[in-house]
Amino acid sequence: MDNIVKVGLLGLGTVGSGVFKTLSNFDNVEVTKISVSNINKKRNIEGLSQEILTTDSMSIVNNSDIDIIVEVIGGINPAFDLITTAIKNKKHIVTANKELIAKHGEEIFELAKKFNVSVLYEAAVAGGIPIIMPIKMALAGNKISKIAGILNGTTNFILTKMTNEKADFEPILKEAQELGYAEADPTGDIQGYDAAYKIAILASLAFGKRIDSSLIYREGIDNISAVDIEYADDMGYKIKLIALAQITENDKVDVRVHPMFVSKKLPIAYIDGVLNAIYLKGHPVGEVMFSGPGAGEFPTASSVVGDILALAEEIPYTDNPLPMLKCKHEEKAEQLDIKHTENKYYIRVSAQNTPGVIGDLGCICGRNKINLSSIFQKGILADGSARVVLLTEPSKEEAVQKAVEEMNAHSQVKQVMNVIRVMD
Ligand code: HSE
(Lines give C-alpha, C1' and ligand atoms only; values in the text may rest on other atoms or scores of the structure.)
Protein backbone atom coordinates (compact mmCIF):
# COMPACT_ATOMS: atom_id res chain seq x y z
CA MET A 1 0.00 0.00 0.00
CA ASP A 2 1.11 3.60 -0.46
CA ASN A 3 1.62 5.56 2.75
CA ILE A 4 -1.05 8.14 2.02
CA VAL A 5 -3.84 7.62 4.51
CA LYS A 6 -7.34 8.29 3.18
CA VAL A 7 -9.85 10.23 5.22
CA GLY A 8 -13.61 10.48 4.83
CA LEU A 9 -14.92 13.66 6.47
CA LEU A 10 -18.50 13.67 7.73
CA GLY A 11 -19.52 17.32 8.03
CA LEU A 12 -18.10 20.54 6.60
CA GLY A 13 -19.42 23.11 9.06
CA THR A 14 -17.17 25.26 11.24
CA VAL A 15 -15.05 22.39 12.58
CA GLY A 16 -15.08 20.39 9.33
CA SER A 17 -13.80 23.40 7.37
CA GLY A 18 -11.01 23.93 9.91
CA VAL A 19 -10.05 20.26 9.64
CA PHE A 20 -9.99 20.35 5.81
CA LYS A 21 -7.90 23.54 5.73
CA THR A 22 -5.43 22.28 8.36
CA LEU A 23 -5.04 18.86 6.73
CA SER A 24 -4.06 20.50 3.45
CA ASN A 25 -0.67 21.20 5.11
CA PHE A 26 0.11 17.48 5.36
CA ASP A 27 0.93 15.26 2.42
CA ASN A 28 0.62 11.87 4.14
CA VAL A 29 -3.15 12.35 4.50
CA GLU A 30 -5.74 12.86 1.78
CA VAL A 31 -9.36 13.85 2.26
CA THR A 32 -11.03 11.56 -0.25
CA LYS A 33 -14.71 12.33 0.38
CA ILE A 34 -16.71 14.87 2.39
CA SER A 35 -20.38 14.67 3.26
CA VAL A 36 -22.39 17.90 3.43
CA SER A 37 -26.08 18.67 3.82
CA ASN A 38 -26.22 21.17 0.94
CA ILE A 39 -23.92 20.41 -1.97
CA ASN A 40 -24.64 23.70 -3.76
CA LYS A 41 -23.80 25.96 -0.82
CA LYS A 42 -21.15 28.56 -1.71
CA ARG A 43 -17.95 27.66 0.14
CA ASN A 44 -14.80 29.66 0.10
CA ILE A 45 -12.31 26.92 0.95
CA GLU A 46 -9.03 26.84 -0.92
CA GLY A 47 -8.24 23.51 -2.57
CA LEU A 48 -11.75 22.11 -2.09
CA SER A 49 -12.94 20.24 -5.17
CA GLN A 50 -16.69 20.01 -5.71
CA GLU A 51 -16.18 16.40 -6.86
CA ILE A 52 -15.34 15.06 -3.43
CA LEU A 53 -18.57 16.39 -1.90
CA THR A 54 -21.58 14.15 -1.42
CA THR A 55 -24.81 14.29 0.57
CA ASP A 56 -24.62 10.54 1.13
CA SER A 57 -22.68 10.01 4.38
CA MET A 58 -23.38 6.26 4.32
CA SER A 59 -21.51 5.94 1.00
CA ILE A 60 -18.43 7.36 2.75
CA VAL A 61 -18.47 4.96 5.69
CA ASN A 62 -18.97 2.11 3.19
CA ASN A 63 -16.19 3.27 0.87
CA SER A 64 -13.47 0.61 0.88
CA ASP A 65 -10.71 3.12 -0.05
CA ILE A 66 -11.13 5.09 3.17
CA ASP A 67 -9.00 4.34 6.27
CA ILE A 68 -10.23 6.94 8.77
CA ILE A 69 -13.71 8.38 9.25
CA VAL A 70 -13.76 11.84 10.79
CA GLU A 71 -17.15 12.70 12.26
CA VAL A 72 -17.81 16.37 12.95
CA ILE A 73 -21.59 16.45 12.50
CA GLY A 74 -22.49 16.27 16.20
CA GLY A 75 -25.62 14.86 17.86
CA ILE A 76 -26.71 11.23 18.06
CA ASN A 77 -28.51 10.72 14.76
CA PRO A 78 -27.20 9.90 12.22
CA ALA A 79 -23.72 10.03 13.83
CA PHE A 80 -24.22 6.82 15.84
CA ASP A 81 -25.29 4.75 12.80
CA LEU A 82 -22.52 6.18 10.66
CA ILE A 83 -19.80 5.52 13.22
CA THR A 84 -20.95 1.99 14.08
CA THR A 85 -21.20 1.12 10.38
CA ALA A 86 -17.71 2.52 9.80
CA ILE A 87 -16.31 0.46 12.69
CA LYS A 88 -17.89 -2.70 11.26
CA ASN A 89 -16.14 -1.79 8.00
CA LYS A 90 -12.85 -1.74 9.96
CA LYS A 91 -12.29 2.00 9.73
CA HIS A 92 -10.64 4.00 12.49
CA ILE A 93 -12.74 6.84 13.88
CA VAL A 94 -11.90 10.39 14.87
CA THR A 95 -14.81 12.31 16.34
CA ALA A 96 -15.50 15.62 18.08
CA ASN A 97 -18.89 14.37 19.29
CA LYS A 98 -19.06 14.63 23.11
CA GLU A 99 -22.77 13.77 23.33
CA LEU A 100 -22.27 10.58 21.34
CA ILE A 101 -19.21 9.44 23.32
CA ALA A 102 -20.82 10.33 26.67
CA LYS A 103 -24.11 8.56 25.89
CA HIS A 104 -23.00 5.68 23.66
CA GLY A 105 -19.30 5.27 24.46
CA GLU A 106 -19.87 1.81 25.87
CA GLU A 107 -21.43 0.38 22.68
CA ILE A 108 -18.97 2.21 20.44
CA PHE A 109 -15.84 1.11 22.34
CA GLU A 110 -17.03 -2.49 22.59
CA LEU A 111 -17.64 -2.57 18.86
CA ALA A 112 -14.25 -0.96 18.23
CA LYS A 113 -12.60 -3.64 20.37
CA LYS A 114 -14.38 -6.39 18.45
CA PHE A 115 -13.25 -4.99 15.07
CA ASN A 116 -9.84 -3.92 16.39
CA VAL A 117 -10.05 -0.26 15.37
CA SER A 118 -9.29 2.95 17.25
CA VAL A 119 -11.82 5.59 18.22
CA LEU A 120 -10.14 8.90 19.06
CA TYR A 121 -11.99 11.93 20.43
CA GLU A 122 -9.51 14.56 21.63
CA ALA A 123 -11.74 17.34 20.24
CA ALA A 124 -14.83 16.15 22.14
CA VAL A 125 -13.63 17.72 25.41
CA ALA A 126 -12.44 21.31 25.69
CA GLY A 127 -11.88 21.89 21.95
CA GLY A 128 -8.25 22.79 21.41
CA ILE A 129 -6.93 21.81 24.85
CA PRO A 130 -5.04 18.50 24.75
CA ILE A 131 -6.51 16.48 27.61
CA ILE A 132 -7.60 13.02 26.40
CA MET A 133 -4.20 11.99 25.10
CA PRO A 134 -2.39 13.45 28.17
CA ILE A 135 -4.64 11.50 30.55
CA LYS A 136 -4.24 8.27 28.55
CA MET A 137 -0.52 8.57 27.93
CA ALA A 138 1.58 11.17 29.75
CA LEU A 139 -0.44 10.79 32.99
CA ALA A 140 -1.00 7.03 32.66
CA GLY A 141 1.14 6.35 35.74
CA ASN A 142 -1.12 8.41 38.00
CA LYS A 143 -3.98 7.65 40.31
CA ILE A 144 -6.20 10.61 39.51
CA SER A 145 -8.43 11.65 42.41
CA LYS A 146 -10.03 14.91 41.24
CA ILE A 147 -10.86 16.90 38.13
CA ALA A 148 -12.43 20.35 38.18
CA GLY A 149 -13.11 21.93 34.82
CA ILE A 150 -14.51 24.99 33.15
CA LEU A 151 -15.66 23.03 30.13
CA ASN A 152 -18.18 25.34 28.51
CA GLY A 153 -17.09 28.54 26.82
CA THR A 154 -20.59 29.98 26.36
CA THR A 155 -21.41 29.95 30.07
CA ASN A 156 -17.93 31.17 31.01
CA PHE A 157 -18.31 34.05 28.56
CA ILE A 158 -21.69 34.98 30.07
CA LEU A 159 -20.52 34.73 33.70
CA THR A 160 -17.39 36.77 32.92
CA LYS A 161 -19.44 39.49 31.23
CA MET A 162 -21.96 39.50 34.11
CA THR A 163 -18.99 39.96 36.49
CA ASN A 164 -17.30 42.71 34.49
CA GLU A 165 -20.50 44.64 33.79
CA LYS A 166 -22.26 43.92 37.12
CA ALA A 167 -25.20 42.73 35.04
CA ASP A 168 -27.92 40.12 35.38
CA PHE A 169 -28.11 36.90 33.37
CA GLU A 170 -30.91 37.64 30.85
CA PRO A 171 -29.51 40.80 29.18
CA ILE A 172 -26.04 39.23 28.90
CA LEU A 173 -27.45 36.04 27.38
CA LYS A 174 -29.27 38.16 24.81
CA GLU A 175 -26.07 40.07 24.01
CA ALA A 176 -24.10 36.81 23.74
CA GLN A 177 -26.70 35.48 21.28
CA GLU A 178 -26.51 38.68 19.19
CA LEU A 179 -22.70 38.39 19.09
CA GLY A 180 -22.92 34.71 18.08
CA TYR A 181 -21.29 33.49 21.32
CA ALA A 182 -24.48 31.74 22.45
CA GLU A 183 -26.76 29.66 20.27
CA ALA A 184 -30.38 30.63 19.45
CA ASP A 185 -31.42 27.68 21.65
CA PRO A 186 -28.80 27.92 24.40
CA THR A 187 -30.25 25.15 26.61
CA GLY A 188 -27.42 22.65 26.09
CA ASP A 189 -24.79 25.15 27.21
CA ILE A 190 -26.72 27.18 29.81
CA GLN A 191 -28.24 24.20 31.61
CA GLY A 192 -24.90 22.38 31.80
CA TYR A 193 -25.66 19.44 29.46
CA ASP A 194 -22.60 20.17 27.31
CA ALA A 195 -20.31 20.31 30.35
CA ALA A 196 -21.91 17.14 31.77
CA TYR A 197 -21.09 15.15 28.60
CA LYS A 198 -17.50 16.41 28.77
CA ILE A 199 -16.96 15.63 32.46
CA ALA A 200 -18.54 12.18 31.94
CA ILE A 201 -15.86 11.48 29.33
CA LEU A 202 -13.00 12.85 31.44
CA ALA A 203 -14.12 11.10 34.63
CA SER A 204 -14.46 7.72 32.94
CA LEU A 205 -10.93 8.03 31.54
CA ALA A 206 -9.38 9.43 34.70
CA PHE A 207 -10.96 6.88 37.05
CA GLY A 208 -10.99 3.96 34.60
CA LYS A 209 -14.71 3.35 35.14
CA ARG A 210 -17.73 3.97 32.96
CA ILE A 211 -19.88 6.93 33.97
CA ASP A 212 -23.59 7.12 33.23
CA SER A 213 -24.03 10.71 31.99
CA SER A 214 -27.77 10.60 32.75
CA LEU A 215 -26.93 10.22 36.48
CA ILE A 216 -24.77 13.34 36.61
CA TYR A 217 -26.25 16.03 38.88
CA ARG A 218 -26.58 19.23 36.86
CA GLU A 219 -27.55 22.84 37.51
CA GLY A 220 -27.27 25.65 34.97
CA ILE A 221 -26.29 29.30 35.36
CA ASP A 222 -29.68 30.93 34.74
CA ASN A 223 -30.33 31.42 38.46
CA ILE A 224 -27.14 33.44 39.01
CA SER A 225 -27.77 37.14 39.47
CA ALA A 226 -25.61 40.25 39.67
CA VAL A 227 -26.04 40.34 43.47
CA ASP A 228 -24.63 36.82 43.86
CA ILE A 229 -21.60 37.88 41.82
CA GLU A 230 -21.23 41.02 43.92
CA TYR A 231 -21.34 39.04 47.20
CA ALA A 232 -18.91 36.49 45.77
CA ASP A 233 -16.49 39.26 44.85
CA ASP A 234 -16.78 40.86 48.32
CA MET A 235 -15.95 37.53 49.95
CA GLY A 236 -12.99 36.71 47.66
CA TYR A 237 -14.67 34.47 45.09
CA LYS A 238 -15.71 34.39 41.44
CA ILE A 239 -18.72 32.43 40.18
CA LYS A 240 -17.92 29.76 37.58
CA LEU A 241 -19.82 26.81 36.08
CA ILE A 242 -17.68 23.95 37.37
CA ALA A 243 -17.70 20.38 36.12
CA LEU A 244 -16.41 18.32 39.02
CA ALA A 245 -15.37 14.69 39.28
CA GLN A 246 -13.79 13.17 42.37
CA ILE A 247 -13.25 9.79 43.95
CA THR A 248 -14.71 9.40 47.43
CA GLU A 249 -13.07 7.52 50.32
CA ASN A 250 -15.15 4.41 49.63
CA ASP A 251 -14.29 4.47 45.93
CA LYS A 252 -17.54 5.98 44.69
CA VAL A 253 -17.43 8.60 41.96
CA ASP A 254 -18.86 12.06 42.63
CA VAL A 255 -19.54 13.71 39.26
CA ARG A 256 -21.58 16.89 38.87
CA VAL A 257 -21.96 20.19 37.04
CA HIS A 258 -23.14 23.31 38.83
CA PRO A 259 -22.15 26.93 39.44
CA MET A 260 -19.62 27.42 42.25
CA PHE A 261 -18.09 30.21 44.25
CA VAL A 262 -14.43 29.68 43.29
CA SER A 263 -11.82 31.19 45.60
CA LYS A 264 -9.70 33.87 43.95
CA LYS A 265 -6.73 32.01 45.43
CA LEU A 266 -7.24 29.23 42.85
CA PRO A 267 -5.80 29.67 39.32
CA ILE A 268 -9.02 28.33 37.74
CA ALA A 269 -10.85 31.45 39.03
CA TYR A 270 -8.91 33.46 36.44
CA ILE A 271 -10.04 31.47 33.40
CA ASP A 272 -12.33 34.05 31.84
CA GLY A 273 -14.32 34.66 28.66
CA VAL A 274 -14.71 31.75 26.26
CA LEU A 275 -11.62 29.97 27.57
CA ASN A 276 -11.80 26.50 29.13
CA ALA A 277 -9.59 24.90 31.79
CA ILE A 278 -9.10 21.54 33.43
CA TYR A 279 -7.54 21.21 36.88
CA LEU A 280 -6.43 17.71 37.71
CA LYS A 281 -5.05 16.20 40.90
CA GLY A 282 -3.22 12.90 40.83
CA HIS A 283 -0.44 10.90 42.36
CA PRO A 284 2.47 11.11 41.68
CA VAL A 285 2.05 14.21 39.50
CA GLY A 286 0.38 16.46 42.09
CA GLU A 287 -1.76 19.25 40.67
CA VAL A 288 -1.78 20.30 37.02
CA MET A 289 -3.96 22.66 35.03
CA PHE A 290 -4.55 22.78 31.29
CA SER A 291 -6.17 25.84 29.76
CA GLY A 292 -6.93 27.28 26.36
CA PRO A 293 -9.61 27.67 23.71
CA GLY A 294 -12.47 25.25 24.25
CA ALA A 295 -14.21 25.73 20.90
CA GLY A 296 -13.92 27.37 17.50
CA GLU A 297 -12.91 26.36 13.99
CA PHE A 298 -9.12 26.10 14.34
CA PRO A 299 -8.73 25.16 18.03
CA THR A 300 -11.12 22.23 17.55
CA ALA A 301 -9.50 21.35 14.22
CA SER A 302 -6.15 21.26 16.02
CA SER A 303 -7.36 18.38 18.20
CA VAL A 304 -9.12 16.53 15.36
CA VAL A 305 -6.07 16.79 13.10
CA GLY A 306 -3.77 15.68 15.95
CA ASP A 307 -5.81 12.47 16.23
CA ILE A 308 -5.81 11.95 12.44
CA LEU A 309 -2.05 12.41 12.18
CA ALA A 310 -1.37 10.10 15.14
CA LEU A 311 -3.31 7.38 13.32
CA ALA A 312 -1.82 8.23 9.92
CA GLU A 313 1.73 7.70 11.25
CA GLU A 314 0.92 4.14 12.29
CA ILE A 315 -1.80 2.79 10.00
CA PRO A 316 0.61 1.99 7.14
CA TYR A 317 2.74 -0.18 9.45
CA THR A 318 0.47 -1.89 11.96
CA ASP A 319 -2.99 -3.41 12.42
CA ASN A 320 -3.03 -2.21 16.02
CA PRO A 321 -2.29 1.53 16.00
CA LEU A 322 -2.05 3.54 19.22
CA PRO A 323 -2.83 0.77 21.72
CA MET A 324 -2.51 3.14 24.69
CA LEU A 325 -5.36 5.25 23.32
CA LYS A 326 -7.80 2.33 23.18
CA CYS A 327 -10.56 2.04 25.75
CA LYS A 328 -9.48 -0.53 28.32
CA HIS A 329 -11.97 -0.16 31.15
CA GLU A 330 -15.36 -1.86 31.27
CA GLU A 331 -16.29 -1.63 34.95
CA LYS A 332 -19.17 0.71 35.74
CA ALA A 333 -18.61 3.46 38.31
CA GLU A 334 -20.75 3.62 41.41
CA GLN A 335 -21.95 7.24 41.20
CA LEU A 336 -22.57 9.22 44.36
CA ASP A 337 -25.97 10.90 44.72
CA ILE A 338 -25.63 14.69 45.20
CA LYS A 339 -27.50 14.42 48.52
CA HIS A 340 -24.63 12.40 49.97
CA THR A 341 -21.97 14.96 49.04
CA GLU A 342 -20.40 17.45 51.44
CA ASN A 343 -19.72 21.05 50.45
CA LYS A 344 -19.40 24.56 51.73
CA TYR A 345 -22.43 26.67 50.76
CA TYR A 346 -23.40 30.27 50.09
CA ILE A 347 -27.08 30.80 50.86
CA ARG A 348 -28.87 34.06 49.99
CA VAL A 349 -32.17 34.70 51.72
CA SER A 350 -34.78 37.39 51.16
CA ALA A 351 -36.47 38.04 54.52
CA GLN A 352 -38.69 40.54 56.26
CA ASN A 353 -36.81 43.22 58.15
CA THR A 354 -37.97 42.10 61.61
CA PRO A 355 -36.07 41.37 64.84
CA GLY A 356 -34.86 37.81 65.25
CA VAL A 357 -34.77 36.72 61.59
CA ILE A 358 -31.00 36.36 61.47
CA GLY A 359 -31.08 34.50 64.79
CA ASP A 360 -33.77 32.13 63.47
CA LEU A 361 -31.81 31.44 60.28
CA GLY A 362 -28.76 30.66 62.42
CA CYS A 363 -30.87 28.35 64.63
CA ILE A 364 -32.24 26.48 61.60
CA CYS A 365 -28.66 25.83 60.51
CA GLY A 366 -27.62 24.79 64.00
CA ARG A 367 -30.53 22.32 64.31
CA ASN A 368 -29.46 20.75 61.02
CA LYS A 369 -25.81 20.48 62.17
CA ILE A 370 -24.69 23.12 59.69
CA ASN A 371 -21.75 25.09 61.01
CA LEU A 372 -21.78 28.70 59.78
CA SER A 373 -18.60 30.57 59.00
CA SER A 374 -20.43 33.82 58.37
CA ILE A 375 -23.95 35.34 58.43
CA PHE A 376 -24.66 38.93 57.55
CA GLN A 377 -27.14 41.45 56.21
CA LYS A 378 -26.19 44.45 54.11
CA GLY A 379 -28.69 47.16 55.02
CA ILE A 380 -32.34 47.18 53.94
CA LEU A 381 -33.58 47.07 50.33
CA ALA A 382 -35.86 49.72 48.76
CA ASP A 383 -38.91 47.47 49.26
CA GLY A 384 -38.14 47.25 53.00
CA SER A 385 -36.92 43.65 52.86
CA ALA A 386 -33.64 42.30 54.22
CA ARG A 387 -31.10 40.37 52.19
CA VAL A 388 -29.30 37.91 54.44
CA VAL A 389 -26.28 35.93 53.34
CA LEU A 390 -24.97 32.79 55.04
CA LEU A 391 -21.70 31.01 54.38
CA THR A 392 -21.27 27.52 55.78
CA GLU A 393 -18.41 25.26 56.76
CA PRO A 394 -18.36 21.86 54.98
CA SER A 395 -21.88 20.50 55.44
CA LYS A 396 -23.97 17.59 54.18
CA GLU A 397 -26.02 18.43 51.08
CA GLU A 398 -29.00 16.60 52.56
CA ALA A 399 -28.84 18.77 55.70
CA VAL A 400 -28.58 21.95 53.64
CA GLN A 401 -31.58 20.96 51.53
CA LYS A 402 -33.58 20.36 54.72
CA ALA A 403 -32.45 23.68 56.22
CA VAL A 404 -33.43 25.52 53.02
CA GLU A 405 -36.88 23.90 53.21
CA GLU A 406 -37.23 25.08 56.82
CA MET A 407 -36.05 28.59 55.90
CA ASN A 408 -38.63 28.78 53.09
CA ALA A 409 -41.36 27.72 55.56
CA HIS A 410 -40.38 30.41 58.11
CA SER A 411 -43.06 33.11 58.39
CA GLN A 412 -40.57 35.97 58.12
CA VAL A 413 -38.64 34.53 55.18
CA LYS A 414 -39.84 35.56 51.72
CA GLN A 415 -37.66 33.07 49.86
CA VAL A 416 -34.26 31.42 49.76
CA MET A 417 -33.07 33.12 46.59
CA ASN A 418 -29.97 31.05 45.84
CA VAL A 419 -27.79 28.26 47.15
CA ILE A 420 -24.34 27.98 45.58
CA ARG A 421 -21.61 25.50 46.50
CA VAL A 422 -18.17 26.84 47.32
CA MET A 423 -14.70 25.73 46.16
CA ASP A 424 -11.75 26.92 48.28
N1 HSE B 1 -20.87 24.85 23.05
C2 HSE B 1 -19.59 24.57 23.63
C3 HSE B 1 -19.11 25.75 24.46
C4 HSE B 1 -18.51 24.27 22.62
O5 HSE B 1 -19.80 26.76 24.59
O6 HSE B 1 -18.05 25.62 25.04
C7 HSE B 1 -18.67 22.93 22.00
O8 HSE B 1 -18.75 21.94 22.96
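Residues numbered from 1 in each chain as written. Predicted model: local features only at pLDDT ≥ 70, side-chain atom pairs only at ≥ 80, totals over all residues. Heavy atoms only, no water.

Every residue close to the ligand is listed here: Lys98, Asn152, Gly153, Thr154, Asp189, Asp194, Lys198 and Ala295. Taking Gly153, its main chain carries an N or O atom lying 2.6 Å from an oxygen atom of the ligand. Within the side chain of Asp189, an N or O atom sits 2.9 Å from a nitrogen atom of the ligand. Protein burial of the ligand: of its 260 Å² of free accessible surface, 81% is covered by the chains. Elements that contribute at least two residues to the shell around the ligand include exactly helix H6 (153–165) and helix H9 (193–207). Split into classes, the residues belonging to the shell around the ligand amount to one nonpolar, three polar and four charged. (Near = heavy atom within 4 Å. Polar contact = N/O pair within 3.5 Å; in protein donor to acceptor, adjacent residues only side chain to side chain. Areas by Shrake-Rupley, 256 points an atom, 1.4 Å probe, with all protein chains shown as cover. Helix = DSSP H or I, 4+ residues; strand = E, 2+ residues; numbered from the N terminus. Nonpolar A, V, L, I, M, F, W, Y, C, P; charged D, E, K, R; others polar.)

Along its sequence, the protein is carved into domain 1 (5–125 + 297–325), domain 2 (132–293) and domain 3 (339–423). Here domain 1 and domain 3 have C-alpha centroids that lie 51 Å from each other. (Domains from an automatic or database assignment.)

With the rule as written, the count across this model stands at 27 salt bridges. Between Glu342 and Lys396 there is a salt bridge whose closest N-O contact spans 3.4 Å. Placement of Glu342 in strand E13 (residues 342–352) and of Lys396 in strand E16 (residues 395–396) is noted, with a sequence separation of 54 residues between them. Exposure remark for Glu342: the relative accessible area of 47% places this residue in the partly exposed category. Accessibility expressed as a relative area gives 48% for Lys396, which makes it partly exposed. Residues joined by salt bridges that share partners form a network here, namely Lys98, Asp194 and Lys198. (Salt bridge = Lys/Arg side-chain N within 4 Å of Asp/Glu carboxyl O. Buried < 20%, exposed > 50% of the residue type's maximum accessible area, 1.4 Å probe, protein only.)

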